[in-house]
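Working through the structure, step by step
Take a look at the letters that make up each chain.
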Amino acid sequence: MGKKTIPAINESELDFEKPVSPVKLWIKEHMAAVYIGAAILLIIAIFFGIRIYNNKNHPITKLMSASAKDFNSSFSFEVEADLNGKTMMKYTGTYEADAAKQNVKALYDADYGDYQYTGVVYSQGETRYSGSLYNGKWRVRDCSEKVLHFFDFNTDYKAGRFDAASFLRFTGLTSQYSADELNRFMKLFKSRMNGNSELADLSVTKEDDSRVYTYDISLSAFFELVRDKGASIFFSAIDYDAFCKLYEMNEQSVKSSECRFSYTINNGGWMSAAELTWTVDGDVYSIRSTMDDFGKVEVTIPDGFMDAVDAL
(Lines give C-alpha, C1' and ligand atoms only; values in the text may rest on other atoms or scores of the structure.)
Protein backbone atom coordinates (compact mmCIF):
# COMPACT_ATOMS: atom_id res chain seq x y z
CA MET A 1 0.00 0.00 0.00
CA GLY A 2 1.37 3.43 -0.96
CA LYS A 3 1.82 6.27 1.42
CA LYS A 4 -1.24 8.37 2.11
CA THR A 5 -0.66 11.95 1.16
CA ILE A 6 -1.57 14.56 3.80
CA PRO A 7 -2.56 17.87 2.28
CA ALA A 8 -0.57 20.89 3.40
CA ILE A 9 -2.22 23.43 5.73
CA ASN A 10 -1.48 27.11 5.24
CA GLU A 11 -1.11 29.60 8.14
CA SER A 12 -4.62 31.02 7.81
CA GLU A 13 -6.16 27.57 8.03
CA LEU A 14 -3.93 26.82 11.03
CA ASP A 15 -5.27 29.90 12.84
CA PHE A 16 -8.81 28.80 12.07
CA GLU A 17 -8.20 25.40 13.57
CA LYS A 18 -7.00 26.86 16.92
CA PRO A 19 -9.60 26.46 19.74
CA VAL A 20 -11.56 29.65 20.43
CA SER A 21 -11.75 30.90 24.07
CA PRO A 22 -15.37 30.68 25.34
CA VAL A 23 -14.94 34.09 27.01
CA LYS A 24 -13.76 35.73 23.78
CA LEU A 25 -16.57 34.05 21.87
CA TRP A 26 -19.18 35.29 24.39
CA ILE A 27 -17.76 38.83 24.27
CA LYS A 28 -17.82 38.78 20.46
CA GLU A 29 -21.43 37.62 20.40
CA HIS A 30 -22.54 40.10 23.11
CA MET A 31 -20.36 43.07 22.27
CA ALA A 32 -23.29 45.51 22.31
CA ALA A 33 -24.32 44.37 25.79
CA VAL A 34 -20.70 44.64 26.99
CA TYR A 35 -20.47 48.24 25.76
CA ILE A 36 -23.80 49.14 27.40
CA GLY A 37 -22.78 47.51 30.69
CA ALA A 38 -19.43 49.32 30.69
CA ALA A 39 -21.19 52.63 30.01
CA ILE A 40 -23.63 52.03 32.89
CA LEU A 41 -20.77 51.20 35.28
CA LEU A 42 -18.92 54.32 34.17
CA ILE A 43 -22.02 56.50 34.75
CA ILE A 44 -22.53 54.96 38.21
CA ALA A 45 -18.87 55.53 39.09
CA ILE A 46 -19.06 59.16 37.97
CA PHE A 47 -22.36 59.73 39.80
CA PHE A 48 -21.16 58.33 43.12
CA GLY A 49 -17.76 59.95 42.66
CA ILE A 50 -19.44 63.34 42.35
CA ARG A 51 -21.69 62.59 45.33
CA ILE A 52 -18.71 61.58 47.48
CA TYR A 53 -16.71 64.62 46.35
CA ASN A 54 -19.61 67.00 46.92
CA ASN A 55 -20.34 65.50 50.33
CA LYS A 56 -16.69 65.76 51.34
CA ASN A 57 -16.63 69.40 50.27
CA HIS A 58 -20.04 70.30 51.68
CA PRO A 59 -19.56 73.07 54.29
CA ILE A 60 -21.58 71.13 56.88
CA THR A 61 -19.39 68.06 56.30
CA LYS A 62 -16.35 70.23 56.90
CA LEU A 63 -17.94 71.54 60.10
CA MET A 64 -18.64 68.02 61.36
CA SER A 65 -15.16 66.79 60.48
CA ALA A 66 -13.39 69.71 62.18
CA SER A 67 -15.51 69.69 65.36
CA ALA A 68 -15.23 65.89 65.61
CA LYS A 69 -11.44 66.22 65.43
CA ASP A 70 -11.62 68.62 68.38
CA PHE A 71 -13.81 66.42 70.55
CA ASN A 72 -11.79 63.28 69.86
CA SER A 73 -8.60 64.88 71.14
CA SER A 74 -7.92 67.69 73.63
CA PHE A 75 -8.13 71.48 73.67
CA SER A 76 -8.62 74.55 75.83
CA PHE A 77 -11.80 76.56 75.33
CA GLU A 78 -13.74 79.69 76.15
CA VAL A 79 -17.50 80.07 75.64
CA GLU A 80 -19.34 83.35 76.13
CA ALA A 81 -23.03 84.33 75.79
CA ASP A 82 -23.93 88.01 75.30
CA LEU A 83 -27.08 90.10 75.19
CA ASN A 84 -26.68 93.48 73.50
CA GLY A 85 -22.94 93.32 74.12
CA LYS A 86 -23.24 92.46 77.81
CA THR A 87 -21.81 89.12 78.93
CA MET A 88 -24.48 86.95 80.53
CA MET A 89 -22.40 83.81 81.10
CA LYS A 90 -18.88 82.63 80.43
CA TYR A 91 -17.09 79.29 80.54
CA THR A 92 -13.33 78.75 80.39
CA GLY A 93 -11.71 75.36 80.68
CA THR A 94 -9.93 72.36 79.22
CA TYR A 95 -11.14 69.12 77.61
CA GLU A 96 -9.45 65.78 76.93
CA ALA A 97 -10.93 62.60 75.46
CA ASP A 98 -9.97 59.11 74.33
CA ALA A 99 -12.87 57.95 72.18
CA ALA A 100 -11.51 54.41 71.78
CA LYS A 101 -11.70 53.87 75.55
CA GLN A 102 -14.73 56.17 76.02
CA ASN A 103 -12.71 58.25 78.46
CA VAL A 104 -13.22 61.98 78.90
CA LYS A 105 -11.97 64.62 81.32
CA ALA A 106 -13.21 68.20 81.37
CA LEU A 107 -12.51 70.96 83.84
CA TYR A 108 -14.08 74.42 83.56
CA ASP A 109 -14.95 77.59 85.44
CA ALA A 110 -18.44 79.04 84.93
CA ASP A 111 -19.28 82.68 85.57
CA TYR A 112 -22.93 83.82 85.59
CA GLY A 113 -22.23 87.24 87.08
CA ASP A 114 -24.20 86.67 90.27
CA TYR A 115 -22.44 83.41 91.02
CA GLN A 116 -19.49 81.32 89.87
CA TYR A 117 -18.62 77.65 90.15
CA THR A 118 -16.13 75.06 88.93
CA GLY A 119 -17.38 72.08 86.94
CA VAL A 120 -15.91 68.66 86.17
CA VAL A 121 -16.81 65.76 83.89
CA TYR A 122 -14.79 62.61 84.54
CA SER A 123 -15.07 59.24 82.79
CA GLN A 124 -12.26 56.71 83.15
CA GLY A 125 -13.11 53.04 82.79
CA GLU A 126 -16.27 52.31 84.74
CA THR A 127 -16.04 55.50 86.79
CA ARG A 128 -18.22 58.20 85.24
CA TYR A 129 -19.13 61.24 87.30
CA SER A 130 -19.79 64.94 86.86
CA GLY A 131 -19.82 67.56 89.57
CA SER A 132 -19.57 71.18 90.60
CA LEU A 133 -17.70 73.10 93.27
CA TYR A 134 -19.84 75.86 94.77
CA ASN A 135 -19.24 77.67 98.06
CA GLY A 136 -16.33 75.37 98.80
CA LYS A 137 -18.34 72.14 98.52
CA TRP A 138 -18.23 69.50 95.79
CA ARG A 139 -21.53 68.05 94.59
CA VAL A 140 -21.13 64.99 92.35
CA ARG A 141 -23.50 62.70 90.49
CA ASP A 142 -23.31 59.68 88.22
CA CYS A 143 -23.27 60.58 84.52
CA SER A 144 -22.78 57.13 82.96
CA GLU A 145 -25.77 57.36 80.63
CA LYS A 146 -24.80 60.80 79.35
CA VAL A 147 -21.22 59.72 78.64
CA LEU A 148 -22.22 56.49 76.90
CA HIS A 149 -24.84 58.27 74.78
CA PHE A 150 -22.27 60.95 73.88
CA PHE A 151 -19.74 58.42 72.62
CA ASP A 152 -22.49 56.50 70.84
CA PHE A 153 -23.38 59.68 68.97
CA ASN A 154 -19.70 60.50 68.49
CA THR A 155 -19.01 57.22 66.66
CA ASP A 156 -21.25 58.23 63.75
CA TYR A 157 -20.54 61.95 64.00
CA LYS A 158 -16.80 61.60 63.45
CA ALA A 159 -17.58 59.47 60.38
CA GLY A 160 -19.64 62.35 58.98
CA ARG A 161 -23.07 60.99 59.88
CA PHE A 162 -25.74 62.40 62.18
CA ASP A 163 -27.34 59.73 64.39
CA ALA A 164 -30.61 61.15 65.65
CA ALA A 165 -31.32 58.23 68.00
CA SER A 166 -28.14 58.65 70.05
CA PHE A 167 -28.48 62.43 69.85
CA LEU A 168 -31.98 62.32 71.33
CA ARG A 169 -30.84 59.92 74.05
CA PHE A 170 -27.96 62.23 74.93
CA THR A 171 -30.24 65.28 75.10
CA GLY A 172 -33.03 63.40 76.89
CA LEU A 173 -35.60 64.12 74.16
CA THR A 174 -36.50 60.60 73.02
CA SER A 175 -40.08 60.98 74.28
CA GLN A 176 -40.66 64.16 72.25
CA TYR A 177 -39.19 63.50 68.83
CA SER A 178 -38.89 60.62 66.36
CA ALA A 179 -35.31 59.55 65.63
CA ASP A 180 -36.03 58.19 62.13
CA GLU A 181 -37.93 61.29 61.09
CA LEU A 182 -35.28 63.58 62.57
CA ASN A 183 -32.61 61.74 60.56
CA ARG A 184 -34.59 62.39 57.38
CA PHE A 185 -35.12 66.02 58.29
CA MET A 186 -31.42 66.55 59.01
CA LYS A 187 -30.54 65.22 55.55
CA LEU A 188 -33.00 67.73 54.07
CA PHE A 189 -31.61 70.48 56.29
CA LYS A 190 -28.05 69.68 55.21
CA SER A 191 -29.01 69.83 51.54
CA ARG A 192 -30.55 73.28 52.11
CA MET A 193 -27.39 74.45 53.89
CA ASN A 194 -25.23 74.20 50.79
CA GLY A 195 -24.97 77.99 50.79
CA ASN A 196 -27.17 78.64 47.78
CA SER A 197 -30.78 78.27 48.90
CA GLU A 198 -33.60 80.25 50.49
CA LEU A 199 -32.53 78.90 53.85
CA ALA A 200 -28.98 80.24 53.93
CA ASP A 201 -26.30 82.15 52.04
CA LEU A 202 -22.69 81.11 52.59
CA SER A 203 -19.50 83.10 52.30
CA VAL A 204 -15.97 81.78 52.84
CA THR A 205 -13.07 84.04 53.71
CA LYS A 206 -9.42 83.36 54.47
CA GLU A 207 -7.83 84.73 57.63
CA ASP A 208 -4.14 83.99 58.24
CA ASP A 209 -3.90 80.18 58.37
CA SER A 210 -7.66 79.60 58.66
CA ARG A 211 -10.88 79.66 56.67
CA VAL A 212 -13.99 81.29 58.06
CA TYR A 213 -17.37 79.92 56.91
CA THR A 214 -20.25 82.33 57.48
CA TYR A 215 -23.92 81.50 57.02
CA ASP A 216 -26.58 84.19 56.85
CA ILE A 217 -29.66 82.17 57.79
CA SER A 218 -33.28 83.06 57.10
CA LEU A 219 -35.13 82.26 60.32
CA SER A 220 -38.49 82.44 58.58
CA ALA A 221 -37.30 79.90 55.99
CA PHE A 222 -36.06 77.65 58.78
CA PHE A 223 -39.33 77.77 60.74
CA GLU A 224 -41.31 77.21 57.56
CA LEU A 225 -39.11 74.23 56.72
CA VAL A 226 -39.90 72.70 60.12
CA ARG A 227 -43.59 73.57 59.74
CA ASP A 228 -43.93 72.17 56.21
CA LYS A 229 -41.48 69.25 56.28
CA GLY A 230 -40.99 68.46 59.95
CA ALA A 231 -44.42 67.53 61.28
CA SER A 232 -43.48 63.86 61.53
CA ILE A 233 -40.51 64.71 63.78
CA PHE A 234 -42.89 65.42 66.67
CA PHE A 235 -44.22 62.39 68.51
CA SER A 236 -47.24 64.38 69.65
CA ALA A 237 -49.57 66.21 67.28
CA ILE A 238 -50.30 68.57 70.17
CA ASP A 239 -46.62 69.57 70.32
CA TYR A 240 -46.53 70.14 66.57
CA ASP A 241 -49.69 72.26 66.67
CA ALA A 242 -48.25 74.28 69.55
CA PHE A 243 -45.08 74.89 67.52
CA CYS A 244 -47.08 76.07 64.50
CA LYS A 245 -49.28 78.33 66.64
CA LEU A 246 -46.24 79.87 68.36
CA TYR A 247 -44.64 80.52 64.98
CA GLU A 248 -47.82 82.15 63.65
CA MET A 249 -48.00 84.44 66.68
CA ASN A 250 -44.40 85.57 66.16
CA GLU A 251 -44.20 85.34 62.38
CA GLN A 252 -43.62 89.05 61.80
CA SER A 253 -40.86 89.18 64.40
CA VAL A 254 -39.22 86.10 62.88
CA LYS A 255 -39.33 87.58 59.38
CA SER A 256 -37.66 90.78 60.56
CA SER A 257 -35.01 88.90 62.53
CA GLU A 258 -31.46 88.24 61.41
CA CYS A 259 -29.36 85.18 62.13
CA ARG A 260 -25.70 84.52 61.38
CA PHE A 261 -23.65 81.41 62.11
CA SER A 262 -19.91 81.21 61.49
CA TYR A 263 -17.13 78.76 62.23
CA THR A 264 -13.39 78.80 61.68
CA ILE A 265 -11.25 75.87 60.56
CA ASN A 266 -7.48 76.21 60.67
CA ASN A 267 -4.98 74.61 58.31
CA GLY A 268 -4.62 71.66 60.66
CA GLY A 269 -8.29 70.79 60.22
CA TRP A 270 -9.28 71.86 63.76
CA MET A 271 -12.33 74.01 64.46
CA SER A 272 -10.84 76.97 66.31
CA ALA A 273 -13.93 79.19 66.67
CA ALA A 274 -17.72 79.23 66.28
CA GLU A 275 -20.30 81.96 66.74
CA LEU A 276 -24.07 82.21 66.51
CA THR A 277 -25.68 85.68 66.49
CA TRP A 278 -29.34 86.53 66.07
CA THR A 279 -31.25 89.80 66.27
CA VAL A 280 -34.89 89.81 67.41
CA ASP A 281 -36.95 92.99 67.92
CA GLY A 282 -33.79 95.07 68.25
CA ASP A 283 -32.06 92.81 70.78
CA VAL A 284 -28.81 91.12 69.74
CA TYR A 285 -28.05 87.70 71.20
CA SER A 286 -24.78 85.87 70.62
CA ILE A 287 -22.95 82.75 71.68
CA ARG A 288 -19.31 82.43 70.67
CA SER A 289 -16.59 79.95 71.49
CA THR A 290 -12.87 79.73 70.82
CA MET A 291 -10.66 76.65 71.04
CA ASP A 292 -6.87 76.34 71.20
CA ASP A 293 -3.94 74.11 72.27
CA PHE A 294 -5.25 71.23 70.15
CA GLY A 295 -3.86 67.84 71.11
CA LYS A 296 -1.62 69.37 73.78
CA VAL A 297 -3.92 69.68 76.79
CA GLU A 298 -3.69 67.35 79.77
CA VAL A 299 -6.60 67.86 82.15
CA THR A 300 -5.86 67.56 85.86
CA ILE A 301 -8.95 66.72 87.92
CA PRO A 302 -9.00 68.39 91.38
CA ASP A 303 -8.36 66.09 94.34
CA GLY A 304 -11.48 67.43 96.05
CA PHE A 305 -13.67 66.10 93.25
CA MET A 306 -12.11 62.63 93.43
CA ASP A 307 -12.47 62.63 97.23
CA ALA A 308 -16.18 63.43 96.82
CA VAL A 309 -16.54 60.56 94.32
CA ASP A 310 -14.78 58.13 96.66
CA ALA A 311 -17.05 59.21 99.50
CA LEU A 312 -20.23 58.16 97.65
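Residues numbered from 1 in each chain as written. Predicted model: local features only at pLDDT ≥ 70, side-chain atom pairs only at ≥ 80, totals over all residues. Heavy atoms only, no water.

1. Looking at the pairing of strand β6 (residues 137-142)
Two elements, strand β5 (residues 127-134) and β6, share six bridges in a ladder whose sense is antiparallel. When the sheet's bridge partners are listed, Gly131 is paired in β6 with Val140. Between β5 and β6, which pair antiparallel in sequence order, lie two residues; one of them, Asn135, sits at a positive phi of approximately 55°. (Pairing = 2+ DSSP bridges. Helix = DSSP H or I, 4+ residues; strand = E, 2+ residues; numbered from the N terminus.)

2. Brief notes about unusual backbone geometry
Backbone geometry at Asn84 places phi at a positive 55°, although glycine is not the residue there. Position of Asn84 among the secondary structure elements: in the loop between β1 (74-83) and β2 (86-98). A residue is classified by how much of its surface remains accessible, and Asn84, at 46% relative accessible area, is partly exposed. Even without glycine at this site, Gln102 takes up a positive phi of about 55°. (Buried < 20%, exposed > 50% of the residue type's maximum accessible area, 1.4 Å probe, protein only.)

3. Observations regarding the side chain of Asn154
As for its placement among the helices and strands, Asn154 is situated in helix α5 (residues 144-157). The buried category is assigned to Asn154, whose relative accessible area is 4%. Engagement of the side chain of Asn154 in a polar contact is seen with the side chain of Asn72, the distance being 2.9 Å. The contacts of Asn154, once residues within four sequence positions are left out, are Asn72 and Ala99. (Polar contact = N/O pair within 3.5 Å; in protein donor to acceptor, adjacent residues only side chain to side chain. Contact = heavy atoms within 4.5 Å.)

4. Concerning the environment of Glu80
Within the secondary structure layout, Glu80 lies in strand β1. On the basis of relative accessibility, which here comes to 13%, the residue Glu80 falls in the buried class. For Glu80 and Asp111, which are 31 residues apart along the polypeptide, the C-alpha to C-alpha distance reads 9.5 Å. Not counting chain neighbours up to four residues away, the residues in contact with Glu80 comprise Thr87, Met89, Lys90, Ser286, Ile287 and Arg288.

5. What about the sheet that holds strand β8 (residues 210-217)?
Ordered in space as β6-β5-β4-β3-β2-β1-β11-β10-β9-β8-β7, the eleven strands form an open sheet in which the pairing is antiparallel. Edge positions in the sheet fall to β6 and β7 (200-207), since each of these pairs with one other strand and no more. Going across the sheet, the axis of each strand differs from the next one's by a mean of 15°, ignoring polarity. Across eight bridges, strand β3 (residues 103-111) lies against strand β4 (residues 116-124) in antiparallel orientation. From the neighbouring strand, Tyr108 faces β4, where its bridge partner is Gly119. The strands that helix α4 (residues 59-71) touches are β1, β2, β7, β8, β9 (258-266), β10 (271-280) and β11 (283-292); relative to β9, the one it contacts most, it runs at about 60°. Lying over the sheet, α5 contacts β2, β3, β4, β5 and β6, oriented at roughly 115° with respect to β5. (Axes fitted to C-alpha atoms, helices over the stretch in contact; angles between N-to-C directions.)

6. Quick word on helix α8 (residues 219-229)
Among the residues of α8, those classed as buried are Leu219, Ser220, Ala221, Leu225 and Val226. On its buried side, α8 packs onto α7 (179-192), β8, α9 (237-249), α10 (251-255) and β9.

7. Things to note about the environment of Phe223
Mapped onto the fold, Phe223 is located in helix α8. For the pair Phe223 and Cys244, spaced 21 residues apart in sequence, the C-alpha to C-alpha distance is 8.8 Å. Excluding residues that lie within four positions of it along the chain, Phe223 makes contacts with Phe243, Tyr247 and Val254.

8. Thoughts on the packing of α8 against α9
Remark: α8 packs on α9, axes separated minimally by 10 Å, with the N-to-C direction vectors making an angle of 150°. In terms of orientation, α8 and α9 fall into the roughly antiparallel class. Seen along the crossing, α8 lies across α9 with a hand that is left-handed. In this structure, α8 contributes Ser220, Phe223, Glu224, Val226 and Arg227 to the contact, and α9 contributes Tyr240, Phe243, Cys244 and Tyr247. Its residues assigned to classes, the contact of α8 with α9 comprises six nonpolar, one polar and two charged. (Parallel < 35°, antiparallel > 145°, perpendicular 65-115°, else oblique. Left-handed = near helix turned anticlockwise from the far one by under 90°. Nonpolar A, V, L, I, M, F, W, Y, C, P; charged D, E, K, R; others polar.)

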